[in-house]
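# Structural characterization, general
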Amino acid sequence: MDGGAFGAGKAGGAFDPQAFIRQPQTLLRLLSWVFSIVVFGSIVNEGYVNRADETQEHCIFNRNRNACNYGITVGVLAFLSCLLYLALDAYFPQISSVKDRKKAVLSDIGVSAFWAFLWFVGFCFLTNQWQATKEEDIPMNEGGDAARAAITFSFFSIFTWDYMDPSQDSGMPYAPYTNEEDATDAVGTYQQPPPAEAFDTETQGYQTQNY
C-alpha cells in the first residue's frame, strides 16, 4: 500500500469492518469458505451409500474411499485456512514490522497457490471416479446431487483460491513492495534552478555558466 513497504506506512490504523467486508480478497475468502463447506458437507452427509442387498456403506465415488477421504480432508482444511487468513487480513493493518508483513504476504501467496492446486487435483479426481461409478452402486440415484455438488464447488474453489493472490490487486490488504530507489525515481531528483544572472536580457536566452 501507499506509504511504505507492504503498507507499513498505514500500520496502526483503526479497523473498519465495513471497508474490510467490501475488500475483494475478503469476499473471495468468504466464497472459498462457503465452497469448502459445501464440498465436505455434501460428502459427509450423502457421500456414502449402499446397495439394497448390502448393509455396509461405500463411497459414492466409484466405491473409492480415498476419493471421499480426499474431498473431506481438503474441504475441512480449506475451511480452517479461510478462517485463519480472514483473521490475518483483519489483523494485518496493525502489523508495523515490514519483515512480518512480508512474511504474511508471501505465506498468503504460497497458501493460495497450494490450495488452488489441491482443488484442481480434487476436481479431476472426483470427476474421474464419478464417471467410473456404476449405476447399480447408487440405487435410485441416491446421493447423486451431493456428488455433483462436491465436484462443482471443487471446480469453483480453484478460481477463488487462485484469484486470492494478494499481488494481483492493489485494493487488497497487502500491497506490492516498493523500495527506496523506486520511490526516489517516482518523485524525481531535485535540481537547483539557474541563477537570475544566467538569463541574458539582450539575447533573450541563457548563457553558459562556469561552476
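Residues numbered from 1 in each chain as written. Predicted model: local features only at pLDDT ≥ 70, side-chain atom pairs only at ≥ 80, totals over all residues. Heavy atoms only, no water.

## Digging into the confidence of the model for the protein
- Taken over all residues, the pLDDT of the protein has a mean of 79, while the share at 70 or more is 71%.
- Within the protein, helix α6 (residues 180-187) has the poorest average pLDDT of any element, 45, and helix α5 (residues 144-162) the best, 95.
- Taken together, the stretch residues 1-11 has pLDDT below 50 and engages in 32 contacts with residues farther than four places along the chain or on a different chain.
- The low-confidence segment residues 169-190 (pLDDT under 50) makes 32 contacts with residues lying over four places distant or belonging to another chain. (pLDDT = per-residue confidence, 0-100. Helix = DSSP H or I, 4+ residues; strand = E, 2+ residues; numbered from the N terminus. Contact = heavy atoms within 4.5 Å.)

## Considerations on a nonpolar patch on the surface
- On the surface, Val76, Leu77, Leu80 and Leu83 cluster together into a nonpolar patch covering about 310 Å² of accessible area.
- Looking at the element boundaries, Leu83 is found in helix α3 (residues 65-91). (Patch = residues over 30% accessible without salt bridge, like charges linked within 9 Å, V, L, I, M, F, W, Y side chains within 5 Å. Areas by Shrake-Rupley, 256 points an atom, 1.4 Å probe, with all protein chains shown as cover. Salt bridge = Lys/Arg side-chain N within 4 Å of Asp/Glu carboxyl O.)

## Concerning the packing of aromatic side chains
- Counted under the stated rule, the structure contains 12 aromatic pairs.
- Their ring planes at 55° and their centres at 6.2 Å tell us that Phe155 and Phe156 sit as a pair that is tilted.
- For the pair Phe155 and Phe159, a centre-to-centre distance of 5.1 Å together with 75° between the ring planes defines the contact as edge-to-face. Of the two residues, Phe155 and Phe159 are both situated in helix α5; the distance of 4 residues between them amounts to about one turn of the helix.
- Residue classification places Phe155 among the partly exposed positions, given a relative accessible area of 33%.
- Through a chain of ring-to-ring contacts, three or more aromatic side chains come together here, namely Phe35, Phe123, Phe153, Phe155, Phe156 and Phe159.
- Over the ring of Phe92 we find Arg101; its NZ or CZ atom is 4.5 Å from the centre of that ring. (Phe/Tyr/Trp six-rings, centres within 6.5 Å; stacked < 30°, edge-to-face > 60°. Buried < 20%, exposed > 50% of the residue type's maximum accessible area, 1.4 Å probe, protein only. Lys NZ or Arg CZ within 6 Å of the ring centre and 35° of its normal.)

## Comments concerning the packing of α3 against helix α4 (residues 98-131)
- Running from N to C, α3 and α4 point in directions that differ by 155°, and their axes come no closer than 10 Å. Relative to α4, α3 is oriented roughly antiparallel. Once α3 is placed against α4, the crossing between them reads as left-handed. Taken together, the residues of α4 that come into contact with α3 (itself represented by Asn66, Ala67, Tyr70, Val74, Gly75, Leu77, Ala78, Ser81, Tyr85 and Leu88) are Ala104, Ser107, Asp108, Val111, Trp115, Leu118, Trp119, Val121, Gly122, Phe125, Leu126 and Gln129. (Axes fitted to C-alpha atoms, helices over the stretch in contact; angles between N-to-C directions. Parallel < 35°, antiparallel > 145°, perpendicular 65-115°, else oblique. Left-handed = near helix turned anticlockwise from the far one by under 90°.)

## Concerning the pattern of salt bridges
- Counting across every chain of the model gives 6 salt bridges.
- The partner of Asp89 in a salt bridge is Arg29, with the nearest N and O atoms 2.5 Å apart. Of the two residues, Asp89 sits in helix α3 while Arg29 sits in helix α2 (residues 24-46), which places them 60 residues apart along the sequence. You'll find Asp89 and Arg29 in the same group, each marked buried.
- Put simply, Glu54 and Arg63 hold a salt bridge, and the shortest N to O gap is 2.5 Å.
- Taken together, the salt bridges that share partners define one network made up of Arg51, Glu54, Arg63 and Asp137.

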